[in-house]
Amino acid sequence: MFHDVYDVIVVGGGHAGAEAAAAAANLGSKTLLVTMNLQNIGQMSCNPAMGGIAKGQIVREIDALGGYSGIVSDKTAIQFKMLNRSKGPAMWSPRVQSDRMLFAAAWRNMLEQTPNLDFYQDMVTDLLFDGHTIVGVRTTLGIEIKTRSVVLTSGTFLNGLIHIGEKQFGGGRAGESASFGITERLIERGFESGRMKTGTPPRVDGRSLDFTKMIEQPGDVAPSKFSYASQTTPLTHQRSCHMTYTSPTVHDLLREGFDRSPMFNGRIKSIGPRYCPSVEDKINRFAEKERHQIFVEPEGWDTVEVYVNGFSTSLPEEIQFKALRAVVGFENAKFFRPGYAIEYDYFPPTQLKHTLETKTIKGLFFAGQINGTTGYEEAASQGIMAGINAHQRIHEKEPFTLSRDEAYIGVLIDDLITKGTEEPYRMFTSRAEYRTLLRQDNADTRLTPKSHKIGLASDERLKQMEQQSDKAHRLISFFNKTSIRPEDVNPMLENNASAPVKQSLKMGKVLSRPNMTMNDFLSHKPVVDFVTKHEMDTTVLEQAEIQIKYAGYIAKEKAQADKLTQLDYVQIPKEFDYEKVKSLSIEARQKLAKIKPVTIAQASRISGVSPSDLSVLLVYMGR
């Protein structure tokens, strides 16, 4: 039934699994994607959206590497927004509202067109080993499939348990069974596991809502897109979302069910996502607040189903219904399904290398919620990195890793394997110390050359990136070398409440002023002529503007990154015995021995390892 021995078997068809399978197959590995239901590949289990704060940067990075998430998001978007436009460009984050059904269909279509990729619908219940090396998987039907590596992307399915009030039942998500066997096998092999919780809100019938009572949330007037590839285009028309609020009445109705809430009566013992709490958790933790935002998000172009973002809950369904009907605009709401919480197994990610390969089993990689993360984007980014590294390993090529100053993906993976996580990990711009370098607009210049070097990003992608980058540098040079006279620039300055000038200035210096933008110069004939001559689009204009206005900040951050990167070159021997270094603190010895950092830089980011401990290590290694 199967290829004799696959190069890579990907277990699970969610966002991590889909990206892992695509990456490994596109690099040339014979790949098999095994999932419990082929109809649910790329399923949006929770909200119908991609991107957002820091998450949008991750989608751009996946796209720059040659992944599919950005393309699928563009093809199935119903609304586009660039968030945080009022802040600096390091904070700008793209987000799309997606058509849930089209999204999954587009993912499957792209995977089916990927060479070297086979599919099989079944549940993997066991892993096969030869000593400390993975050699295959076993399914519910008892079929053994041989492989040289496995990428495990189990999502919320490992021993998944769904909670609605006092009711609980096994499941990986609504309407789908949980997965059993893998956790137990890994524990037998010495792995440490834990439990986490996430949740989802009710879905309602949009025909039963009164949108006139809500605040409309339209998309951008001039929408952009995620993918750098020319195969997608920005939206020409969009669907609006809406916003409303809870109230003290809603909160009182929700409190009526607290005694039956699995969160408060002890049925749920695991930790949920701090930054996406359930509505009952919000009104309990923030009792002084009289209202909370509710975002009303359409599930697609042609469906009436609506996602009630901000109302995630595991309260009894009748409490959910009664409280939601007290929300403005929801007075006659009809449920499609209630919200629920789900508990599932995860494996603390300190058990992984930077490649996402497990430290104890060769050829076994973890990606997604199995590593304690939450969110489609975080999962997809781990998936593409695991898929790449599974291919690299079995073909005896160099590991492919990204540092903290190269990508948000690098920050994410380094945080996970160095610090671990005891609650569902979510990416934020604040987690990245070099966020001015890691902007959403320059992901292609940062990552496409690296991906092209290993054979994933196409020649076309690299050529397109180089052409855009060259145009941006030409425009930057033009602005920094070309002067503008007072009579030409002062009207622009006056319009932006900026002090006038008495002599000619370089245009780059004028653009560096806080209130000035590239748009102000698009009425200046020399700029218009230059832009037209070199066929520069809005992407090039934006890239040039950012690099001119923030040149000082970018240079300073780059210098800091280069200085700290020097510690990355100080390697720690693989079998280093920390117990012999008595000058280290006891906590440092214990944590260093457990995590086994590869470099001094990684050791410096471990909680409990002090600067004096690092000095001891550097002295011990003759540095």
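Source: prediction; values computed, not measured.

Undergrad: Mind showing me how you'd approach the pairing of strand β12 (residues 167–170) here?
TA: Sheet faces and side chains relate simply in a regular strand, where the side chains alternate between the two faces. Judged from the four bridges that link them, strand β11 (residues 161–164) and β12 form a sheet pairing that is antiparallel. When the bridges of β12 are listed, H163 appears paired with Q168. Once β11 ends, the chain turns through two residues before running back antiparallel as β12, passing G165 with a positive phi of about 60 degrees.

Undergrad: Looking at this model, I keep getting lost on the packing of helix α6 (residues 248–255) against helix α8 (residues 317–324). Mind explaining?
TA: A packed helix pair is summarised by two numbers, namely the angle formed by the two axes and the spacing between the axes. Put simply, α6 and α8 touch, their axes get as near as 9 Å, and they point 170 degrees apart. Classified by the interaxial angle, the pair formed by α6 and α8 is roughly antiparallel. Between α6 and α8, the residues in contact are V250, L253 and L254 and I319, K322 and A323, respectively. Considered class by class, the residues forming the contact of α6 with α8 number five nonpolar, no polar and one charged.

Undergrad: In this structure, what is going on with helix α11 (residues 443–454)? I would like to understand it.
TA: An α-helical turn contains 3.6 residues, so a residue and the one three or four places further along point in the same direction. Between its terminal C-alpha atoms α11 stretches 17 Å, which fits the 16 Å expected from twelve residues at 1.5 Å a residue. Listed as buried for α11 are A443, D444, R446, L447, T448, S451 and I454. An end-on view of α11 places all buried positions within 165 degrees of arc, on one side of the element. Elements in contact with the buried residues of α11: α2 (55–65), α9 (376–394) and α12 (459–481). Looking one or two residues beyond α11, the residue adopting positive phi is G455, at roughly 100 degrees.

Undergrad: Sorry if this is basic, but what is going on with the packing of aromatic side chains here?
TA: What characterises a pair of aromatic rings is the spacing of the ring centres plus the angle enclosed by the ring planes. Overall, the coordinates contain 13 aromatic pairs when judged by the stated rule. Between F258 and F264, the aromatic rings sit 4.7 Å apart at their centres with planes inclined by 55 degrees, giving tilted as the arrangement. On the basis of relative accessibility, which here comes to 16%, the residue F258 falls in the buried class. For F264, a relative accessible area of 32% corresponds to the partly exposed category. In textbook terms, an aromatic cluster arises when at least three aromatic residues are bridged by ring pairs, as seen for F478, F479, F521 and F530. The ring centre of Y228 lies 5.6 Å from the NZ or CZ of R60, which sits over that ring. The ring of F129 carries the charged tip of R189 above its face, separated from the ring centre by 4.4 Å.

Undergrad: Looking at this structure, I do not really get α12. What am I missing?
TA: Here α12 spans 33 Å end to end across 23 residues, near enough to the 33 Å set by a 1.5 Å rise per residue. Taken together, the buried positions of α12 are occupied by R461, L462, M465, S469, K471, A472, L475, I476, F478 and F479.

Undergrad: I would appreciate a short explanation of the sheet that holds β12 in the present structure.
TA: Across the sheet, which stays open at both edges, the four strands sit in the order β12-β11-β20-β13 with antiparallel pairing between neighbours. Two strands bound the open sheet, and with one partner strand each, they are β12 and β13 (194–200). Each adjacent strand pair in this sheet contributes to an overall mean axis angle of 25 degrees, direction not counted.

Undergrad: Is there a simple way to explain the side chain of T599 in this structure?
TA: Mapped onto the secondary structure, T599 falls in the loop between α19 (586–595) and α20 (600–604). At a separation of 3.2 Å, a polar atom in the side chain of T599 contacts the main-chain amide nitrogen of Q602. In this structure T599 touches L567, D568, V570, Q571 and I572, once residues within four positions along its chain are discounted.

The rules behind these values
Starting from 1, residues in each chain are numbered consecutively following that chain's sequence as written. pLDDT decides what is reported in this predicted model: residues at 70 or higher carry local features, side-chain atom pairs at 80 or more are listed and counted, and totals for whole chains, interfaces and linings draw on all residues regardless. The side-chain figures draw on all heavy atoms in the structure; neither hydrogens nor water molecules are used. Following DSSP output, two strands are said to pair if at least two bridges run between them. For helices the rule is a DSSP run of H or I covering at least 4 residues; for strands it is a run of E covering at least 2, with both sets numbered from the N terminus onward. Lines fitted to the C-alpha atoms define the axes, with helices restricted to the stretch that makes contact. Angles between their N-to-C directions range from 0 to 180 degrees. In what follows, roughly perpendicular refers to angles from 65 to 115 degrees, roughly parallel to angles under 35, roughly antiparallel to angles over 145, and oblique to any angle outside these ranges. Here a residue-residue contact requires only that any non-hydrogen atoms of the pair lie within 4.5 Å. Charged residues are taken to be Asp, Glu, Lys and Arg, nonpolar residues to be Ala, Val, Leu, Ile, Met, Phe, Trp, Tyr, Cys and Pro, and polar residues to be all remaining types, Gly included. Expected helix span is given by 1.5 Å per residue-to-residue step, counting one fewer step than there are residues. Relative accessibility thresholds used throughout: buried, under 20% of the residue-type maximum; exposed, over 50%; partly exposed, between the two (1.4 Å probe, protein chains only). Here, the arc refers to the directions that run from the helix axis to the C-beta atoms. In summary, the pairing rule links any two rings of Phe, Tyr or Trp, Trp by its six-membered ring, whose centres are within 6.5 Å, and it sorts them by plane angle into stacked for under 30 degrees, edge-to-face for over 60 and tilted for everything else. Charge over a ring is defined by NZ of Lys or CZ of Arg lying within 6 Å of the ring centre and within 35 degrees of the ring normal. Whenever a nitrogen or oxygen atom comes within 3.5 Å of another N or O atom, the pair is scored as a polar contact, on the condition that within protein one atom can donate a hydrogen and the other can accept it, and that pairs from neighbouring residues in sequence are kept only if both atoms are in side chains.

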